[in-house]
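# Understanding the architecture of this molecule
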Amino acid sequence: MPGEVTQSTEVVAAQPAVAAAPQEGFSWVKGGELPPELITGHKSIDAEHRMLLSCITSLRKVCIDYANIHDCGNCDRARRVFCENELVAMLGDLFAFILDHFKTEEEIMRHSLFQIIDRDVCEAHMEDHAAISGKVLEIVASLDPMNTVSRIRDLDILLSRWIVHHIGLHDVLLARWVEREGAAPGQANKLPAW
């Protein structure tokens, strides 16, 4: 399975920005609710995942037509500055959020028996965290006022796929483990709050 995780994040990293609307196939994002198969059942983690949906919704409002505009060359300077500033602010907030979110999940893995029982699954989960963080940094490093719309599409694809692939593969499994651990006598207080 570790290959599967790496492959999913490599696909995100390798995909060029496309003119087609990235939200196609992710129509549930518009409603702001996670589909049932991506609900972990853990209040805090599901709330954080909903924050990601909110981030996607806000991101899609930055550019007047992010799905169809090829680059920012036809926008006036004021619009380019606005879009770039909005994206930079979002990226800063997003990066702080994901570092905290990933730290919490990894702390839970370390404090539960999950890392001992299934080390490969935990390592793949943490590798996926590193790949997602790395892709956000790549987007930051490639900021260019003439191509802000491309970075918006890149981030939209990354966040949408994170929600589908990472949550569906890793976070649901971790939440189930935590629920089972918390249900075991004497274990509920040993796991960090999520």
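Summary of the structure given here. (Residues numbered from 1 in each chain as written. Predicted model: local features only at pLDDT ≥ 70, side-chain atom pairs only at ≥ 80, totals over all residues. Heavy atoms only, no water.)

### A short note on the packing of helix 4 (residues 77-111) against helix 6 (residues 119-141)
Where helix 4 meets helix 6, the axes come as close as 11 Å, and the angle between the chain directions of the two elements is 170 degrees. Looking at the two axes, helix 4 sits roughly antiparallel to helix 6. Contacts between helix 4 and helix 6 pair Leu91, Leu94, Phe95, Ile98, Leu99, Phe102, Glu105, Glu106 and Met109 from the former with Cys122, His125, Met126, His129, Ile132, Ser133, Val136, Leu137, Ile139 and Val140 from the latter. (Axes fitted to C-alpha atoms, helices over the stretch in contact; angles between N-to-C directions. Helix = DSSP H or I, 4+ residues; strand = E, 2+ residues; numbered from the N terminus. Parallel < 35°, antiparallel > 145°, perpendicular 65-115°, else oblique. Contact = heavy atoms within 4.5 Å.)

### Description of the pattern of salt bridges
According to the stated counting rule, one finds 4 salt bridges in the structure shown. Asp156 serves as the salt-bridge partner of Arg60, at 2.7 Å between the closest nitrogen and oxygen. Residue Arg60 is located in helix 3 (residues 43-60), and its partner Asp156 is located in helix 7 (residues 148-183); the two are separated by 96 residues in the primary sequence. The exposure class assigned to Arg60 is buried, which follows from its relative accessible area of 13%. A relative accessible area of 0% means that Asp156 is categorised as buried. Between Arg119 and Glu123 there is a salt bridge; the shortest N-O distance is 3.3 Å. On the criterion of helical spacing, the pair formed by Arg119 and Glu123 is a turn pair, its members being 4 residues apart in helix 6. Residue Arg119 is classed as partly exposed on the basis of its relative accessible area, which comes to 46%. (Salt bridge = Lys/Arg side-chain N within 4 Å of Asp/Glu carboxyl O. Buried < 20%, exposed > 50% of the residue type's maximum accessible area, 1.4 Å probe, protein only.)

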